[in-house]
Structures are given as C-alpha cells and as structure tokens.
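# Chains, contacts and geometry: an overview
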Amino acid sequence: MPLTSTKDENEAPELAAASPREVRGLVELTERIVVGAYRGHSWIPRALTIALGVLVGTCLVAGVVRLSPLPLIPLPFFAVSAYALIRIKAARSAEANQSLVAWTGLFTGATLAGFWLISMAGRWLG
C-alpha cells in the first residue's frame, strides 16, 4: 500500500464539475434531509409539538398518579426541546439552513435524553 496519494492532480476539476445532486459528506446529507423535510412538509413542526405535549402530559400524570417526583425529572429536557422547537419554527421561515439543522439536533438530543430519563424513572419506580 503506497504512502503517497495515487490520484492525479487533474481529478480536482472533475470533482468541481460533479452533479449538484451528489452529496459530499455527512453534514451536507444531514442538512439536505432536515431542510427537505421541514421545507417540504409544513405539518412536521405541528406533529412534533403534539408529541412533545403528550410526553409532558404523560410525565405530569405519572407524577400525580405515583405521588412521586421521579416522573417529573425529564421535564427540564422537554422544556429545552420546546425552546428548540420554537427556534426551529423561526429558522424554518427565515431560510437559515444551518440554524435549522442545529436547532433540530438540539431538539432531537433533548427529547431523546428525556425519553431515556422516562425509562430510568420507570425502572426506579418499578
């Protein structure tokens, strides 16, 4: 296996002339998926808001039924998710692709952390 590059220096113009539909990295792929989904389907933020509301409602009902504060532990993460969802709606209308991807990542991470805490609270209470 050679330690030097075997590619020709003349291949760079070929890469520049590649198809605009070609994806060159994970970041560009993620941006295309997120931006395409949000710009193409106007119902996605509404569905995420409803799902987040159901999760918060479930935590509140579980806290009242169990008479324990453990089901309320994920609520700060869901608050961060709600804030990110508000920012997603603003970024969606502002044509800012990178901020849309960043706020979507924060929403996804905070929601998944909340899900994980719900499962841990279920394990602690069970």
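Quick caveat: nothing in here was measured; it's all calculated off a predicted structure.

Attention shifts here to the UniProt feature "transmembrane region" (unreviewed entry) in the protein chain. The sites that UniProt annotates as "transmembrane region" (unreviewed entry) are residues 47-65, 71-88 and 100-118. The span residues 71-88 is 78% helix and 0% strand, and its two end C-alpha atoms sit 27 Å from each other. Within the segment residues 100-118, helix and strand shares are 100% and 0% respectively, and the terminal C-alpha atoms sit 27 Å apart.

This part is about the nonpolar core. Tyr38, Phe78, Ile88, Leu100 and Phe107 are the most contacted members of the largest nonpolar core, which totals 14 residues. Every element with two or more residues in this core is listed here: helix 2 (26-40), helix 3 (44-66), helix 4 (75-93) and helix 5 (97-125).

A grouping of Val23, Leu26, Leu29 and Ile33 is seen on the molecular surface, where their side chains present a nonpolar patch of about 370 Å² in accessible area. If you trace the backbone, Val23 turns up in the loop between helix 1 (12-16) and helix 2. Assessed through its relative accessible area of 33%, Val23 is described here as partly exposed.

Definitions and limits used
- Residues numbered from 1 in each chain as written.
- Predicted model: local features only at pLDDT ≥ 70, side-chain atom pairs only at ≥ 80, totals over all residues.
- Heavy atoms only, no water.
- UniProt positions renumbered as here; feature names shortened; annotations may be inferred.
- Helix = DSSP H or I, 4+ residues; strand = E, 2+ residues; numbered from the N terminus.
- Core = buried A, V, L, I, M, F, W, Y, C linked by side-chain atoms within 4.5 Å.
- Buried < 20%, exposed > 50% of the residue type's maximum accessible area, 1.4 Å probe, protein only.
- Patch = residues over 30% accessible without salt bridge, like charges linked within 9 Å, V, L, I, M, F, W, Y side chains within 5 Å.
- Areas by Shrake-Rupley, 256 points an atom, 1.4 Å probe, with all protein chains shown as cover.
- Salt bridge = Lys/Arg side-chain N within 4 Å of Asp/Glu carboxyl O.

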